[in-house]
Amino acid sequence: FFLHFAPYAVHTPIMANARHLDRYTDRDPKEAAYATMIESYDAALGAILDRLDHHGIRDNTIVIFTSDNGGLSAHARGGKPHVHNAPLRSGKGSAYEGGTRVPTVIHWPGLTEPGSRSDAPVVTYDLYPTILTAAGVTLPAETTLDGHDLSPILSGRISDDQAERIIGWNQPHQWGASGPGIEPFTSIRQGTWKLIYFHDGPRFELYDLENDLGETTDLASSDPDRVRAMAEVMTKWIDQTGAQLSNDLETGEPIPTPAAAAAS
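1. Examining the overall build of the protein chain
Turning to step 1, where the next piece is worked out: Helices and strands together make up the secondary structure of the protein chain, namely seven helices and six strands.
Turning to step 2, where the next piece is worked out: Starting at the N terminus, the α and β elements of the protein chain follow one another as α-β-α-β-α-α-α-β-β-β-β-α-α.
Turning to step 3, where the next piece is worked out: C-alpha atoms of the protein chain, sized along the principal axes, occupy 65 × 50 × 35 Å.
Turning to step 4, where the next piece is worked out: Taken across its 264 residues, the protein chain has 38% of its residues classed as buried.
Turning to step 5, where the next piece is worked out: Put simply, of all contacts in the protein chain between residues at least 6 apart along the chain, 52% involve residues at least 24 apart.
Turning to step 6, where the next piece is worked out: Summing over all exposed atoms, the protein chain offers an accessible surface of approximately 15300 Å²; the carbon and sulfur share of this is 52%.
Turning to step 7, where the next piece is worked out: Counting 20 positive and 35 negative side-chain charges, the protein chain places the centres of these two groups 6 Å from one another.

2. Thoughts on the nonpolar core
Turning to step 1, where the next piece is worked out: In terms of nonpolar packing, the biggest core is built from 18 residues, with L195, Y197, F204, L206 and V227 touching the most fellow members.
Turning to step 2, where the next piece is worked out: Contributing elements (two or more residues each) for this core: strand 5 (193-198), strand 6 (203-208), helix 6 (224-241) and helix 7 (258-263).
Turning to step 3, where the next piece is worked out: A per-element tally of this core places helix 6 first, with six residues.
Turning to step 4, where the next piece is worked out: In contact with V227, not counting residues within four places along its chain, are L195, F204, L206, A220 and A262.

3. So, the sheet that holds strand 3 (residues 166-171)
Turning to step 1, where the next piece is worked out: Taken in spatial order, the four strands line up as 3-4-5-6 in an open sheet, and their pairing is antiparallel. The open sheet has two free edges, formed respectively by strand 3 and strand 6, since each of these has just one partner strand. Here the average twist between neighbouring strands, direction ignored, is 15 degrees.
Turning to step 2, where the next piece is worked out: Those strands touched by helix 6 are strand 3, strand 4 (185-190), strand 5 and strand 6, and its axis lies near 110 degrees from that of strand 4.

4. Concerning the pattern of salt bridges
Turning to step 1, where the next piece is worked out: The tally for this structure, following the rule as stated, stands at eleven salt bridges.
Turning to step 2, where the next piece is worked out: Residue K194 pairs with E97 through a salt bridge whose shortest N-O separation is 2.8 Å. You can see K194 sitting in strand 5 and its partner E97 sitting in helix 2 (residues 97-100), a full 97 residues away along the chain.
Turning to step 3, where the next piece is worked out: The class for K194 is buried, based on a relative accessible area of 1%.
Turning to step 4, where the next piece is worked out: Residue classification places E97 among the buried residues on the basis of a relative accessible area of 5%.

5. Remarks on helix 6
Residues lying three or four places apart along an α-helix face the same way, a consequence of the helix completing one turn every 3.6 residues.
Turning to step 1, where the next piece is worked out: Across its 18 residues, helix 6 extends 25 Å between first and last C-alpha, which sits within 8% of the 26 Å expected from 1.5 Å per residue.
Turning to step 2, where the next piece is worked out: Burial in helix 6 covers these residues: V227, M230, A231, M234, T235, W237 and I238. One side of helix 6 holds all its buried residues, which, seen down the axis, span an arc of 160 degrees. Exposed and facing more than 90 degrees away from the buried side of helix 6 are D225, K236, D239 and Q240.
Turning to step 3, where the next piece is worked out: Elements in contact with the buried residues of helix 6: strand 3, strand 4, strand 5, strand 6 and helix 7.
Turning to step 4, where the next piece is worked out: Two residues or fewer after helix 6 comes G242, characterised by a positive phi angle close to 75 degrees.

6. Observations concerning unusual backbone geometry
Turning to step 1, where the next piece is worked out: In this chain, A9 is followed by V10 through a cis amide linkage whose omega measures 10 degrees.
Turning to step 2, where the next piece is worked out: Mapped onto the fold, V10 is located in the segment before helix 1 (29-54).
Turning to step 3, where the next piece is worked out: Between T12 and P13 the backbone carries a cis peptide bond, its omega angle lying at -5 degrees.
Turning to step 4, where the next piece is worked out: In this structure, P13 sits in the segment before helix 1.
Turning to step 5, where the next piece is worked out: Even without being a glycine, H82 presents a positive backbone phi close to 70 degrees.
Turning to step 6, where the next piece is worked out: Along the chain, H82 falls in the loop between strand 1 (63-66) and helix 2.
Turning to step 7, where the next piece is worked out: Positive phi outside glycine occurs at S90, with the angle close to 65 degrees.
Turning to step 8, where the next piece is worked out: Considering the arrangement of structural elements, one finds S90 in the loop between strand 1 and helix 2.

7. Thoughts on the packing of aromatic side chains
Turning to step 1, where the next piece is worked out: The full count for this structure, using the stated rule, is five aromatic pairs.
Turning to step 2, where the next piece is worked out: Ring geometry for Y41 against F65: centres 5.8 Å apart, planes inclined by 55 degrees, an arrangement best described as tilted. Remark: F65 occurs in strand 1 and Y41 occurs in helix 1; sequence separation between them is 24 residues.
Turning to step 3, where the next piece is worked out: Classification of Y41 as buried rests on a relative accessible area of 16%.
Turning to step 4, where the next piece is worked out: Ring centres 6.1 Å apart and planes at 65 degrees place the aromatic pair Y96 and F198 in the edge-to-face group. In this pair, Y96 sits in the loop between strand 1 and helix 2 while F198 sits in strand 5, placing the two residues 102 residues apart along the sequence.
Turning to step 5, where the next piece is worked out: Using a relative accessible area of 0% as the deciding quantity, one classes F198 as buried.
Turning to step 6, where the next piece is worked out: The rings of F5, Y41 and F65 are connected pair by pair, giving a single aromatic cluster.
Turning to step 7, where the next piece is worked out: Between R89 and the ring centre of Y96, over which it is positioned, the NZ or CZ distance is 3.9 Å.

Definitions and limits used
Residues numbered from 1 in each chain as written. Predicted model: local features only at pLDDT ≥ 70, side-chain atom pairs only at ≥ 80, totals over all residues. Heavy atoms only, no water. Helix = DSSP H or I, 4+ residues; strand = E, 2+ residues; numbered from the N terminus. Buried < 20%, exposed > 50% of the residue type's maximum accessible area, 1.4 Å probe, protein only. Contact = heavy atoms within 4.5 Å. Areas by Shrake-Rupley, 256 points an atom, 1.4 Å probe, with all protein chains shown as cover. Lys, Arg positive; Asp, Glu negative; His and termini not counted. Charge placed at Lys NZ, Arg CZ, Asp CG, Glu CD. Core = buried A, V, L, I, M, F, W, Y, C linked by side-chain atoms within 4.5 Å. Pairing = 2+ DSSP bridges. Axes fitted to C-alpha atoms, helices over the stretch in contact; angles between N-to-C directions. Salt bridge = Lys/Arg side-chain N within 4 Å of Asp/Glu carboxyl O. Expected span 1.5 Å × (residues − 1). Arc of directions from axis to C-beta. Phe/Tyr/Trp six-rings, centres within 6.5 Å; stacked < 30°, edge-to-face > 60°. Lys NZ or Arg CZ within 6 Å of the ring centre and 35° of its normal.

In short, the description is geometric, and any link to function would need to be established separately.
Printed below as a string of C-alpha cells:
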C-alpha cells in the first residue's frame, strides 16, 4: 500500500488545539497555539505508527517524514519575526536556509541503520525515484528524472558525485510575506557552497554552509572566482530545467542569466 499523509497542521491560520493548550501556559499565546498544532501532528503520526504495529507490519513498511518548506517565521508567530528557525536564517518563502532546509527522517527496515545520520544534500523530488526503487519499479531507459535514488545514502554508501551534486531552487515571484531573502531568487547548492542570485538588481550572495550554517557572512565580494564558476553552473541548471527568471519591469524582458550577470 501507499499512504500520503499531508495534514493541515502546521499551517496558518494558527489555531490552538484546546486539548493540549494547558501544557504551554508559559508560552506566548501565539507560540502556545503553534505548539499545540505541532503536538497534534505528532499524535496523528504516532497513531499511524501504532496502526502499523497493530497489523504487525512496522518492520515491512517504509516511513518517510519531511516537509515542503522551512518553518513560518515572517508573520503570524509570537515574538520577534525571522528568528524562529535559528540557527537557520529567516523562514518560509526565503532563499536562506530557514526557508529551504527541512527535516527528513526515513525508516527503511533492512536498509537504514537505526539512529544513523547523513549530511548528504537531498531534495524532496529525490523521494520519487527512491520509492520506485523500493517498489522494484524499473523505468524505461529513455526516462529522465530530476531526483536521485537515495537508497545508497540510506544504506551508508555515498559517492563523490552525490556529495557534490547540484541542487537548485527557483522562485521568480514575490511570496506574500516580506523579510530576509523573501524575494524573487534562484539558488544552487554545490557541495557545502550555496550561491543565491537575487533577481532584483540582480545581485549575488555566496555562503559556505559548512562553516556558516546561519548565513551570516556573504562571501560574494571576497570570492568572485567562485561566484563566476557557480553562476555558470547555475545557468546550465536553469537551461536544463527550464526554470524561468523574473522579467525586468522596465523592459519586459527576462533579467540576465547568472553567468551574464557575474561576468559583467
